[in-house]
Structure formats: C-alpha cells, structure tokens
Amino acid sequence: MKYLSSRKNIFRIAVVLALVFLASSTFCQKSLAAENKPNTTAELSSDSFLALINQARDRASISSVVTSPKLQKAAQEKADDMAKYNYIALNSPSGKIPPDLVKEQSYTFCGLGANLAVNFKTPEDAVGAWLTDKSDRQSILDSGFSEIGIGLAKSQDGAKNFAAVFLAMPTCLN
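Only a predicted model underlies this, so the values are computations on that prediction, with no experimental measurement involved.

A. Inspection of the environment of I150 at higher detail. Looking at the secondary structure, you find I150 in strand β3 (residues 147–154). Judged by relative accessible area, I150 falls into the buried class, the value being 2%. Placed 104 residues apart in sequence, I150 and S46 show a C-alpha to C-alpha distance of 5.8 Å.

If you want it as structure tokens, here you go:
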C-alpha cells in the first residue's frame, strides 16, 4: 500500500511539473511575441505623415514638400529627445531649439517651421490637430516651405508617441 501511495505522489508531482512547464512555456512564448511585436512608431511611418501633409497642401493649392535627409535627422533627434525626457516644447531641457538641431546637420535655410505632437494614436490624429491650430497650420501650409523632416519616437515605457516635423525653405527667394 505504501508503494501505491508513493506512486500516487509521484504521479501528482509529475502532473504539477507538467502544468508548470506548460504555463512557463506559454508565458515565454507570449513574452517573445511581445518582444517581436513591431514598435508603434513603425506603424506611424513618416510616409503617412508626409502623405497627409501633402494632401493638406494640395487641397490649399500649394506644392508638395519633399523629404530632406538633413531635416529628417534633425527632426528625429528632436522626437527622440522629447521621448527620452518626456516633454513637448520647442525648447529642450538642454536649451536647444529646432534651428540649433537643423544647423547641426549643416542645413542652411531661410525659413523654418516646427510642429510637435504627443499622445496621438494615428498620423491622422496628429496632422488633424496641427491643421486646427493656427500656427501649426501656417507651418504646414506655408508655400515657401519646400522640404520636410519627420521624426517619430515612442516613450521609454511605450505609452506615448512623439512626433517632430520640421518644414523649411532651403534657399532665400530674392
């Protein structure tokens, strides 16, 4: 009888271990799936922002803007900084303003506009908000601006999306 009782205990232990193994492997699979899940900023592509901005410009009979690699790099630096330090302002905690970031890329300009956004879910949300704000709308619809840089970032906790859009007039019209 003792052997049978001991055998039942071994069986119970085996069942418990099997359940623990199944639970941990399911947890690991979910963790790996979460790690491999694309970042929301990938879903919020700069191409989507560019298309929406150019659609707004087209509706206003203003020529489209084209992406500038130097403006793109400056805007990305701004978005990354806002996400890292969790703020939304033209002046960074380090004191840098958008013209400083653009000049660091050796980009010369005669005019510069900057639009910033945080806590938006889609590009349509951010661009829609900009188009309802007087100064942001002016930046988007400024016919002198011909180039754009778009930076997108996610907060460290993954809860917030940040966007920085720099529009510029690369040459002076004299």
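B. Broad picture of the state of the cysteines. Here the structure, examined in full by the defined rule, presents one disulfide. Between the sulfur of C110 and that of C172 lies a disulfide, 1.5 Å long from S to S. Where C110 bonds to C172 through sulfur, the torsion about that S-S bond is close to -90°, and the disulfide is left-handed. Residue C110 is located in the loop between α5 (98–104) and β2 (111–118), and its partner C172 is located in the segment after β4 (161–169); the two are separated by 62 residues in the primary sequence.

C. Representation of unusual backbone geometry in the model. One non-glycine residue, S106, lies in positive phi territory at about 60°. Among the structural elements, S106 can be located in the loop between α5 and β2. On the basis of relative accessibility, which here comes to 56%, the residue S106 falls in the exposed class. Positioned with a positive phi, N119 is a non-glycine residue whose angle comes to about 65°. Among the secondary structure elements, N119 is positioned in the loop between β2 and α6 (123–132). Here N119 falls in the exposed class, since its relative accessible area comes to 54%.

D. Quick peek at the pattern of salt bridges. Here the structure, examined in full by the defined rule, presents one salt bridge. Between K96 and E104 there is a salt bridge whose closest N-O contact spans 2.8 Å. On the basis of relative accessibility, which here comes to 30%, the residue K96 falls in the partly exposed class. Owing to a relative accessible area of 41%, E104 belongs among the partly exposed residues under this scheme.

E. Representation of the pairing of β4 within the structure. The element β4 is largely enclosed, with a buried count of nine among its nine residues. Residue alternation in β4 divides its side chains into two sets, N161, A163, V165, L167 and M169 and F162, A164, F166 and A168, and both sets are buried. Where β2 meets β4, eight bridges bridge the pair, whose relative direction is antiparallel. Looking across to β4, one finds that V118 is bridged to F162. The pairing of β3 with β4 spans eight bridges and is antiparallel. Its bridge partner lying in β4, L152 is registered against A163. Linkage of β3 to β4, two consecutive antiparallel strands, is achieved through a turn of six residues, within which G158 is found at a positive phi near 80°.

F. Here's a closer look at the side chain of S155. Note on placement: S155 falls in the loop between β3 and β4. A polar side-chain atom of S155 sits 2.6 Å from a polar atom in the side chain of D157.

G. Seen up close, the sheet that holds β2. Taken in spatial order, the four strands make up an open sheet running β1-β3-β4-β2, and their pairing is mixed. On the outer flanks of this sheet lie β1 (66–67) and β2, each paired with one strand and no other. The sheet strands contacting helix α3 (residues 46–59) are β1, β3 and β4, and the helix crosses β3 at an angle near 135°. The strands that helix α4 (residues 69–85) touches are β1, β2, β3 and β4; relative to β3, the one it contacts most, it runs at about 30°.

Thresholds, definitions, all that
- Residues numbered from 1 in each chain as written.
- Predicted model: local features only at pLDDT ≥ 70, side-chain atom pairs only at ≥ 80, totals over all residues.
- Heavy atoms only, no water.
- Helix = DSSP H or I, 4+ residues; strand = E, 2+ residues; numbered from the N terminus.
- Buried < 20%, exposed > 50% of the residue type's maximum accessible area, 1.4 Å probe, protein only.
- Disulfide = S-S within 2.5 Å.
- Salt bridge = Lys/Arg side-chain N within 4 Å of Asp/Glu carboxyl O.
- Pairing = 2+ DSSP bridges.
- Polar contact = N/O pair within 3.5 Å; in protein donor to acceptor, adjacent residues only side chain to side chain.
- Contact = heavy atoms within 4.5 Å.
- Axes fitted to C-alpha atoms, helices over the stretch in contact; angles between N-to-C directions.

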